[in-house]
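Inside the fold
Listed below are the residues making up each chain.
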Amino acid sequence: MNILLIGATGFIGRNIASALAATGHQVTPMSRQNGIDFSTMTSPAHWLPHLKGIDAVINCVGIIGETATQRFEPLHTLAPSALFRACHETGVRRVLQISALGADETAFSAYHLSKRAADNILRSLDLDWFVLRPSLIYGKGGKSADLFMRLARLPLLTVIGDGSQKLQPVHISDVVATVLQCLTSREVKRTLDILGTETFTFTEWLQWMRRAQGLQPAPVMRIPFWLAMLTARLASPLSPMLRPENLRMLQIGYWADVKPLVDFLGRKPLPVEPHLFFSNVDTIRRAS
Ligand SMILES: NC(=O)c1ccc[n+]([C@@H]2O[C@H](COP(=O)([O-])OP(=O)(O)OC[C@H]3O[C@@H](n4cnc5c(N)ncnc54)[C@H](OP(=O)(O)O)[C@@H]3O)[C@@H](O)[C@H]2O)c1
C-alpha cells in the first residue's frame, strides 16, 4: 500500500515507518522535518495534493503541552479534521488516527478534548476509519517513556499523593502491531483502546523501571496533589510535559478494558519484561 504517514519522525511514527518498510509498504513521511507544518494545514484544500496515489493515511502528530508556536487546536483538531475531510473528498478510505486513552466522554483536559474533537469528525465520515487510543507507551526512544525512566533512577522516588494511580502501560511494538492490523482489517469503523493487560500503581511502575535499569527498589516520597500541581505550574516553562493538566490526567490514571484489543489482535499484548524498556520494533523484529 502507499501510505501517508503524518508525524513520521516521532516515537510512534518512527516505529510505524520502520514496520511498514519491513512489510513492503511504500511510506510517504510528513512532519515539520519533511517541510510541512501541520498548523498551516487547516483546510481540506491544503491536503488534496498530498493524497494523490495514497491508499491509506495514518496520523501520529501530537503534542503533550502547548508552547507559543505549538497549539492544541490547530494540531489536534483543525488540521486532522481537514485531512479527514480531504480523504473523504478524494476517496482515500482507510484512515487511522492516533488519539489517546481518555479522549472520550470523560475528557476534561485541553489535550484530550482537542483530540476527541478530531476523533469525532473522523467517526462522522463514511470512511474505513480507526480511532486508536494508546495508554502510556513504553519502549526505547519515547519522550515520556525516557522521562519516567530518568525519574525512576533518582535515589528517592517522588509520587503524587499515595502514588496509587492506576496504569496499564503498553509496549510500542503492540501499538505498531495494532496499526498494521488496522491497515488490512475488514472490521472497520473501530475505536480501540491500546493498553497492556497488567495493572500497576504509579509507584509500582517507577519501581519496575528501576528494576529494568538494574537498580534496587528506592524509598518513596509522597507529595500532596496540591503541592505537585503548584510545582508543575512553576516548572512548566521548562518542558511542555510539566503542565498541571498532565498531572491531573496522571491522577485519573491510564486504564481501560483490554478485551476489545485482545479480540482484535487475536492475542494478548506483551507482558512487561525488563528488556522491553530498551526495545523498539526493530530490536523486537531482529530478536524474533
Ligand atoms: N507516547 C505516548 O506515550 C503516547 C500515548 C498516547 C497517545 N500518544 C499520542 O500519539 C501521538 C504521537 O506521540 P509520540 O509519542 O510519537 O510523539 P512525538 O515523539 O513527540 O512525535 C510527535 C510527531 O508530531 C510531529 N509534529 C509535531 N508538531 C508538528 C507540526 N506543527 N507540524 C507537523 N508535524 C508535527 C513531530 O514531527 P516534527 O517535530 O518533525 O514536526 C513528530 O513526528 C501524539 O498525538 C500523542 O499525543 C502518545
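Right, let's walk through the structure included here. What you are looking at is a predicted structure, and each value in this text was computed from that prediction instead of being measured. (Residues numbered from 1 in each chain as written. Predicted model: local features only at pLDDT ≥ 70, side-chain atom pairs only at ≥ 80, totals over all residues. Heavy atoms only, no water.)

With respect to the sheet that holds strand β5 (residues 128-134)
Operational definition: Pairing between strands is defined by DSSP: at least two bridges between the two strands are required. Strands here mean DSSP runs of E at least two residues long; helices mean DSSP runs of H or I at least four residues long; both are numbered from the N terminus. Fitted lines through C-alpha atoms give the axes, limited to the stretch in contact for helices. The angle between two N-to-C directions lies from 0 to 180 degrees.
Read from one edge of the open sheet, 6 strands run β2-β1-β3-β4-β5-β10, paired in parallel fashion. Each having just a single partner strand, β2 (26-30) and β10 (190-194) make up the two edges of the open sheet. Here the average twist between neighbouring strands, direction ignored, is 15°. Pairing geometry for β5 and β10, over 5 bridges, is parallel.

Here we look at the packing of aromatic side chains
What counts, and what does not: Paired rings are identified among Phe, Tyr and Trp, the last through its six-membered ring, by centres lying within 6.5 Å, and are further divided according to the angle between planes into stacked (under 30 degrees), edge-to-face (over 60) and tilted (the rest). The cut-offs for exposure are 20% and 50% of the maximum accessible area for each residue type, with area from a 1.4 Å probe on protein chains only; residues under the lower value are buried, those over the upper are exposed, and the others partly exposed. A ring has a charge above it when a Lys NZ or an Arg CZ is no more than 6 Å from the ring centre and no more than 35 degrees off the ring normal.
Under the criterion given, the structure shown has 10 aromatic pairs. Ring geometry for Y138 against W205: centres 5.3 Å apart, planes inclined by 75°, an arrangement best described as edge-to-face. Of the two residues, Y138 sits in strand β6 (residues 137-138) while W205 sits in helix α7 (residues 202-212), which places them 67 residues apart along the sequence. Each member of the pair, Y138 as well as W205, is classed as buried. Taken together, Y138, F200, W205, W208 and F277 form an aromatic cluster joined through their ring pairs. Positioned over the ring face of W255 is K166, at 4.0 Å from the centre of the ring.

What to know about the site of the ligand
Applied cut-off: Here a residue counts as near a molecule or strand whenever at least one of its heavy atoms sits within 4 Å of it. Residues adjacent in sequence count toward polar contacts only when both atoms are side-chain atoms; beyond that, a polar contact is any pair of N or O atoms within 3.5 Å, and within protein one must be able to donate a hydrogen and the other to accept it. Surface accessibility follows the Shrake-Rupley procedure with a 1.4 Å probe radius. Residue values consider only the protein chains on display as shielding. For this classification, the nonpolar set comprises Ala, Val, Leu, Ile, Met, Phe, Trp, Tyr, Cys and Pro, the charged set comprises Asp, Glu, Lys and Arg, and every other residue, Gly included, is treated as polar.
The local shell around the ligand holds 27 residues, among which T9, R32, Y111, K115 and K143 are the closest. With respect to the ligand, the backbone of G10 contributes an N or O atom lying 2.9 Å from an oxygen atom. Measuring from an oxygen atom of the ligand, one finds a side-chain N or O atom of S31 at 2.9 Å. Calculation on the ligand without its partners gives an accessible area of 880 Å², and the protein chains cover 89% of this total. Elements that contribute at least two residues to the shell around the ligand include exactly α1 (11-22), α4 (110-124) and α5 (143-153). Of the residues that constitute the shell around the ligand, the class distribution is 13 nonpolar, 10 polar and 4 charged.

Some words on the packing of helix α8 (residues 225-235) against helix α9 (residues 244-252)
How we decide: Any two residues having at least one pair of non-hydrogen atoms within 4.5 Å are treated as being in contact.
With their axes 8 Å apart at the nearest point, α8 and α9 run at an angle of 145° to one another. Counted together, F225, A228, M229, A232 and R233 of α8 and P244, L247, R248 and Q251 of α9 form the full contact between these two elements. Among the residues forming the contact of α8 with α9, the class breakdown is 6 nonpolar, 1 polar and 2 charged.

Some details on the nonpolar core
Stated precisely, the cut-off is as follows: Grouping buried Ala, Val, Leu, Ile, Met, Phe, Trp, Tyr and Cys residues that are joined through side-chain atoms within 4.5 Å yields what is termed a nonpolar core.
Residues I6, W47, L51, V57, W205 and F277 are the most contacted members of the largest nonpolar core, which totals 60 residues. It is helix α3 (residues 72-90) that provides the largest number of residues to this core, a total of 8 residues. Not counting residues up to four positions away in its chain, the partners in contact with F277 are Y138, G139, K140, M149, W205, W208, M209, A212 and V272. Membership of the second largest hydrophobic core comes to 32 residues, among which are C60, V176, L195 and V262.

A few points about the pattern of salt bridges
Under the convention used in this document: Any Lys or Arg side-chain nitrogen found within 4 Å of a carboxyl oxygen on Asp or Glu counts as a salt bridge.
Applying the stated rule across the entire model yields 10 salt bridges. Where R93 meets D128, a salt bridge forms, and the shortest distance between an N and an O atom there is 3.2 Å. One end of the pair, R93, is in the loop between α3 and β4 (94-98); the other, D128, is in strand β5, with 35 residues separating them in the sequence. Residue classification places R93 among the partly exposed residues on the basis of a relative accessible area of 34%. Between K259 and D263 there is a salt bridge; the shortest N-O distance is 2.8 Å. Taken together, the positions of K259 and D263, both in helix α10 (residues 259-265) and 4 residues apart, correspond to about one turn of that helix.

Some points on the environment of C182
In this fold, C182 is placed in helix α6 (residues 172-184). Residue C182 is classed as buried on the basis of its relative accessible area, which comes to 0%. Distance in space between the C-alpha atoms of C182 and L247 is 31 Å, their sequence separation being 65 residues. Beyond its immediate chain neighbours, meaning those up to four positions away, C182 contacts R94, L96, F130, L132 and F264.

Things to note about the packing of α3 against α4
Rule in force here: The cut-offs work like this: below 35 degrees is roughly parallel, past 145 is roughly antiparallel, 65 to 115 is roughly perpendicular, and the gaps in between are oblique.
At their nearest, the axes of α3 and α4 sit 9 Å apart, and the two run at 5° to each other. In terms of axis orientation, α3 runs roughly parallel to α4. Along the contact surface, α3 presents F72, H76, T77, P80, S81, F84 and R85, while α4 presents A110, Y111, S114, K115, A117, A118, I121 and L122. Partitioning the contact of α3 with α4 into residue classes produces 9 nonpolar, 4 polar and 2 charged.

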